[in-house]
Structures are given as structure tokens and as C-alpha cells.
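Here is how the chains run, residue by residue.
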Amino acid sequence: MASKINILVTFLVLSLLAFLGNAQLSPNFYGARCPNLQTIVRDTMRTAVAREARLAASILRLLFHDCFVQGCDASILLDDTATFAGEKNANPNRNSARGFDIIDSIKTRVEAACNATVSCADILALAARDGVVLLGGPTWTVPLGRRDARTASRTAANSQIPSPFADLNNLISLFSAKGLTAREMTILSGAHTIGFAQCTFFRNRIYNETNIDANFATRRRTNCPASGGDTNLAPLENPTPSIFDNNYYRELVARRGLLHSDQALFNGGSQDAVVTTYSNDGAAFARDFAAAMVKLSSITPLTGTNGEIRRNCRRLN
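Each value, and the rule that gives it
Residues numbered from 1 in each chain as written. Predicted model: local features only at pLDDT ≥ 70, side-chain atom pairs only at ≥ 80, totals over all residues. Heavy atoms only, no water. Helix = DSSP H or I, 4+ residues; strand = E, 2+ residues; numbered from the N terminus. Polar contact = N/O pair within 3.5 Å; in protein donor to acceptor, adjacent residues only side chain to side chain. Contact = heavy atoms within 4.5 Å. Buried < 20%, exposed > 50% of the residue type's maximum accessible area, 1.4 Å probe, protein only. 1 Å grid on protein atoms, 1.4 Å probe; cavity = no way out; pocket = protein on both sides within 12 Å on 5 of 7 lines; lining within 4 Å. Points joined across faces, edges and corners; volume = space filled by probe spheres on them. Disulfide = S-S within 2.5 Å. Axes fitted to C-alpha atoms, helices over the stretch in contact; angles between N-to-C directions. Parallel < 35°, antiparallel > 145°, perpendicular 65-115°, else oblique. Left-handed = near helix turned anticlockwise from the far one by under 90°. Nonpolar A, V, L, I, M, F, W, Y, C, P; charged D, E, K, R; others polar. Salt bridge = Lys/Arg side-chain N within 4 Å of Asp/Glu carboxyl O.

**Overview of the side chain of Asp66**
- Looking at the secondary structure, you find Asp66 in helix 3 (residues 54-67).
- From its side chain, Asp66 meets the backbone nitrogen of Ala74 in a polar contact 2.9 Å long.
- Other than its neighbours up to four places away in sequence, Asp66 contacts Gly71, Cys72, Asp73, Ala74, Ser75, Ile76 and Leu124.

Structural data, given as C-alpha cells:
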């Protein structure tokens, strides 16, 4: 009995510490220390997205993959060195994670305006939000005050980032491990309303799976052969891949989800009703996506004196 009580007390203490850590995030964290921060991020993102709309999705994906490994601490931005194995070459990121140069550009401008003040983790959270807004999606207030990790974990990146081949139970489990509900998982998957995926990630779906619209599979095969062409791209959501809307869910209802993990959300399982709701109500999706993004971007941040404020997002100080 005593051991059970000790375990319960330990759990409660750890939960309280996690809550206090998140409580240190604040929209006004930088205040007078870097008053032009959000303008700098927004202007840089506007230029980047005007040049290539896909970059909004790329930056959003960086945030997802960052937060699922060690929390939202910019560990994904660290380059490998002779003595350091980062997350960029983990299986979910190698040859597909992109947008690092945009974060570099923002960081350079922010450092010029307020030296050694703003973390790369906060820049990434703001840039992801602004990319969504620039493609017509919802806005949200980004709590700030994250600090940058001095470590990274390729092992955790390989095991904790949801796979495009994952089934529903696996997706629910991976999101639950980060404190996100099954419904929030389905909401956040709506990020796939923008962006593209490589052939290697959807080849098996369009050639071998049966819960797929036949005409859709045929169209996708024209740019994704049974062998070769691994990096050929297709839009994650075909009608409007450069507009942040609820067409992703409409495509799932029509059995036109590009990835196995997409269609798993609407395949006779627990999330069918959620998908149907958002396929019919774009305003509800926008509202709920914004709320879920605040929660996602607040996963176990480094705050206070933990971590550091990197001068260069690619390497430790």
C-alpha cells in the first residue's frame, strides 16, 4: 500500500512540475525585449510562402516533428557533427524535412534586432502559425518562452514520430503519449490539407490497398511508379493543396486519403464521426485546429534556466 501511495505522490509531483513548466509560457514573454519579433517572423514567412506555398506546410511539419521528440525545443534544427547525431537524419526526416533555411533567415533577422534573446523553438512555433495563416487558415496566440535543447534524439525521432504507414490504434497511442486525445490527433492530422508527400510514403497505398477510390489511385500512379521515382511528389489533399481548408476531411470521406495514416482516420473506426463532422464544418475545424496547435506547441517545453538561447539554430552555443 505504501509503495502505491509513493507512486501516486511521485506522479502528482511530476504532473505539477510539468504544469508549472508550461505555465511559464506567455504570449508577452519577450515584451519590450524584442517588440518586433512577430513582425519579423511574419514578414519573412510572407516572402517565403509567396515564393513557394509548400514552405508553409514544410515549416508546420518541422514543428510537429520537433514537438514529438523531447518536446518543443528546436532539437530538430540541430545539424549532425562528427560527435553529434541529430534528428535531421532520422527516418521520418531524412531527405524530407525542409524549411531549415527559412528558420535560419528569421533567426538572422531576429538576432540583428534583439541579440541572444529569442529561442529557435519560439521562432519555429511562430513561423508555423504564420504559414497556416498565410494560406488562409486560422490564427492563434502562440505562448512564448521556450528555450532551445542542448541535446537531440535520433532514436526517439525514429520511434515517436507517427509514421505515414501507421494504423489508427498506433496513431492514437503515439498522440496519447504526448498528452493529445484521439480527437486532437484527428484535428491535427488536418494539417495535411496543405503540402505534398513523396511517392515512397504512399506507393503501397495506391497499389495494394482496397479502401481507396479507384480513379484516385490510378491518377496517383501516373507520378508514382511501382518502382523508382521515390521522391516524386503528390499533394496530400488534391483539390486545394495550397489553401488551408477542410477539404482534407472531404477527401477522406471519399476514400481519397493519400497516406495510409490519413485514410486510417476514416475506415470504420472511432474517428469516422469526427472526420465527417469536419468534412461538413470548415469553421469548426479551423477553430479546433487552432486550439489543438496551442496544446501541441506547448508539449514539455524547456523554460527558465533549462536549455539555452541558441545564436545559430543549427548548432549549440
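**Brief notes about helix 9 (residues 199-208)**
- Of the residues making up helix 9, those classed as buried are Cys199, Phe202, Arg203, Arg205 and Ile206.
- Buried residues along helix 9 sit against strand 1 (196-198), helix 10 (214-221), strand 2 (233-235) and helix 12 (260-263).

**Observations concerning the layout of surface pockets**
- Approximately 940 Å³ is the volume attributed to the largest pocket.
- Surrounding the largest pocket, 43 residues form its lining, Arg61, His65, Pro162, His192 and Leu259 being those nearest its centre.
- Top contributing element to the lining of the largest pocket by residue count: helix 3, with eight residues.

**Topic: the state of the cysteines**
- Counted under the stated rule, the structure contains four disulfides.
- Between the sulfur of Cys34 and that of Cys114 lies a disulfide, 1.8 Å long from S to S. Pair noted here: Cys34 is in the loop between helix 1 (2-23) and helix 2 (37-51) and Cys114 is in the loop between helix 4 (100-113) and helix 5 (120-134), with a separation of 80 residues, a long-range link. For the pair formed by Cys34 and Cys114, the shared burial category is buried.
- The connectivity of the disulfide bonds within the protein chain can be written as 1-4, 2-3, 5-8, 6-7, using the sequence rank of each bonded cysteine.

**Some points on the packing of helix 8 (residues 182-189) against helix 13 (residues 272-280)**
- Put simply, helix 8 and helix 13 touch, their axes get as near as 10 Å, and they point 40° apart. Relative to helix 13, helix 8 is oriented oblique. Here helix 8 runs over helix 13; the crossing is right-handed. Here helix 8 contributes Arg183, Thr186 and Ile187 to the contact with helix 13, which in turn contributes Val274, Val275 and Tyr278.
- Looking at the contact of helix 8 with helix 13 residue by residue, the classes come out as four nonpolar, one polar and one charged.

**A closer look at the packing of helix 7 (residues 168-176) against helix 8**
- Contact geometry of helix 7 with helix 8 gives a least axis separation of 9 Å together with a crossing angle of 100°. When the axis of helix 7 is compared with that of helix 8, the two are roughly perpendicular. Of the residues in helix 8, those in contact with Leu168, Leu171, Ile172 and Phe175 of helix 7 are Ala182, Met185 and Leu188.
- The residue inventory of the contact of helix 7 with helix 8, partitioned by class, reads seven nonpolar, no polar and no charged.

**What to know about the pattern of salt bridges**
- A full pass over the atoms with the stated rule returns 15 salt bridges.
- For Asp43, the salt bridge identified is with Arg46, shortest N-O distance 3.0 Å. Taken as a pair, Asp43 and Arg46 lie in helix 2 at a separation of three residues, close to a single helical turn.
- Relative accessible area serves as the criterion here: at 30%, Asp43 is assigned to the partly exposed category.
- Residue Arg98 is joined to Glu52 by a salt bridge in which the shortest nitrogen-to-oxygen separation is 2.9 Å. Of this pair, Arg98 sits in the loop between helix 3 and helix 4 while Glu52 sits in the loop between helix 2 and helix 3, and the two are 46 residues apart along the sequence.
- A relative accessible area of 26% means that Glu52 is categorised as partly exposed.
- Among the charged side chains, a network of salt bridges with common partners joins Asp79, Lys88, Asp104 and Arg314.

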